[in-house]
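Each chain is listed here by its residues.
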Amino acid sequence: MSVNITFLGGTGTVTGSKYLVEHAGQRLLVDCGLFQGYKQLRLRNWSPLPVAPLDIQAVILTHAHLDHSGYLPLLARQGFRGRVHATAATCDLCAILLPDSGHLQEEDAAFLNRHNLSKHQPALPLYTKHDALMSLDLLHTETLGHTFSPIPGWKATFSSAGHILGAASVLLEVAGRRILFSGDLGRPDDLLMNPPDAPPNADTVLIESTYGNREHPHENVLAELGPALKKVSARGGVAVVPVFAVGRAQALLHAIALLKQRGDIPHSLPVFLDSPMAVHTTELMQRHPGAHRLDAQALKAMKHVATMVETPEQSKALSKRHGPMVILSASGMATGGRVLHHLAHYLPDHRNMVVLTGYQAPGTRGATLANGGATLRIHGQEVSVQAEVVQLESSSAHADASQLMGWLRRMKKKPDQVYVVHGEPEAADALRQQIDHGLGWRAMVPEHNSTWPT
């Protein structure tokens, strides 16, 4: 019997990654992510999967970012009872990310109901913090490089993917077929994370393509971030930095610590990390010392370069302070969280600055800012964008097109088929062409909900 993959997400978009592998009546889901960005994508989160969660035997997570793990509480609430296999750091991060996601969705629904801003009466969260906490009981830790059996007769092995703490590629072996899921691949020259491991040989490869049509600039994040923060500091402004709480926040803290040590920005410039999730993730870095590049001294400097803001009261108090200062706050694409309150407060003043630190998916507020939008819709109101918007081109935690191709070239044997996933249409097709013409491998971009053999 054949082994088939159904692409339930991560196709035509960088969000919602879900890949259903089926063989002989057994089903395994690689990644279980939320759709983000455009409303038509977000609405997919509310549509039932084409397979009943109870009929899925196991889940494997490549990493903890919500576009790869954030659907898990809903899957569990709808009846999934199998194990969720992930690395130790991914399990630790999910314990932070998923309850926070449920809490934010409850808060957003409550806000809409209080202000009568929803077409639905009442507005409901996709899932709750309680749902997320219950789903954590399904997590099962696996070791990098150790082969485990998610379903009897199936084998799986994690290898390091760089990108963020705990991120992994996964080789799945079933019915004599070897299927490699790249997950999100980090950069070989990342400031924070170790480079991805060389990929094992496989018959079928699913490779991400977030930056499949782009190259990162040669300059590093310090060369971009330093002048921006120095500029806003000199004019007494506030820099609001939307960051992903996992990965980007820690990389930016490390960069700011280095800039202060070098004297590139004032040592006295106040920095605040306003995200409980990012604060807890920063502490997690110390529990996984081999999973990143930082030594004990660098970890200490990163932790002490900013004031850690945890309570809502502390967050609100920031608005009463005068600049110059830097506020790092989640989320990285300004889709929700405390950063929205800071943007609403600081965007209308030309002395201030918004520093975008990574990929901004189409349809997100971050993408609106990156594209020069004159207003930004926040909590049902249009906020005037008078602040300077700076987009860092060098801070991405994803491999660029050349680095993705370099990772594939490290495979010692040509695969039968490559599926290009986790990219906007233009980026995915550009990488497909590079694989086809540059390597002579058979590559295609699958469509949403399509099923293909391995």
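Relevant structure appears above.
The shown structure was predicted, so the numbers you read here are calculated from the model rather than taken from an experiment.

How each quantity is defined
Residues numbered from 1 in each chain as written. Predicted model: local features only at pLDDT ≥ 70, side-chain atom pairs only at ≥ 80, totals over all residues. Heavy atoms only, no water. Helix = DSSP H or I, 4+ residues; strand = E, 2+ residues; numbered from the N terminus. Rg over C-alpha atoms; globule rule 2.2 N^0.38 Å. Buried < 20%, exposed > 50% of the residue type's maximum accessible area, 1.4 Å probe, protein only. Contact = heavy atoms within 4.5 Å. Areas by Shrake-Rupley, 256 points an atom, 1.4 Å probe, with all protein chains shown as cover. Lys, Arg positive; Asp, Glu negative; His and termini not counted. Charge placed at Lys NZ, Arg CZ, Asp CG, Glu CD. Axes fitted to C-alpha atoms, helices over the stretch in contact; angles between N-to-C directions. Parallel < 35°, antiparallel > 145°, perpendicular 65-115°, else oblique. Left-handed = near helix turned anticlockwise from the far one by under 90°. Nonpolar A, V, L, I, M, F, W, Y, C, P; charged D, E, K, R; others polar. 1 Å grid on protein atoms, 1.4 Å probe; cavity = no way out; pocket = protein on both sides within 12 Å on 5 of 7 lines; lining within 4 Å. Points joined across faces, edges and corners; volume = space filled by probe spheres on them.

A.B. asks: Outline the overall build of the chain, supporting the account with residue identities and numerical values.
C.D. replies: When you go through the chain residue by residue, the secondary structure sums to 14 helices and 22 strands. In terms of overall size, the chain behaves like a compact globule, its C-alpha atoms giving a radius of gyration of 21 Å where 454 residues would be expected to give roughly 22 Å. Reported as C-alpha extents along the three principal axes, the dimensions of the chain are approximately 65 × 50 × 40 Å. Buried positions account for 58% of the 454 residues belonging to the chain. Considering only residue pairs separated by 6 or more positions, the chain has 75% of its internal contacts joining residues 24 or more positions apart. About 18,200 Å² of surface is accessible on the chain, with carbon and sulfur atoms providing 52% of the total. Within the chain, one finds 40 positive and 39 negative side-chain charges whose respective centroids are separated by 2 Å.

A.B. asks: Please provide a residue-by-residue account of the packing of helix α13 (residues 401-409) against helix α14 (residues 425-439), values included.
C.D. replies: One way to put it is that α13 packs onto α14 with a least axis distance of 11 Å and a crossing angle of 45 degrees. With respect to α14, the axis of α13 lies oblique. Both α13 and α14 take part in a crossing whose hand is right-handed. Facing α13, whose interface residues are Ala401, Leu404, Met405, Leu408 and Arg409, α14 presents Leu431, Gln434, Ile435, Gly438 and Leu439. Considering only residue class, the contact of α13 with α14 consists of 7 nonpolar, 2 polar and 1 charged.

A.B. asks: Explain the layout of surface pockets to me, using residue names and the numbers behind them.
C.D. replies: Counted as a void, the second largest pocket has a volume near 410 Å³. Forming the boundary of the second largest pocket are 25 residues, of which Tyr211, Arg214, Tyr359, Gln360 and Gln391 lie nearest the centre. Where the lining of the second largest pocket is concerned, the elements lending two or more residues are α12 (365-370) and α14. In terms of residue count, α12 provides more of the lining of the second largest pocket than any other element does, 3 residues in total. Tallied by class, the residues present in the lining of the second largest pocket amount to 9 nonpolar, 11 polar and 5 charged.

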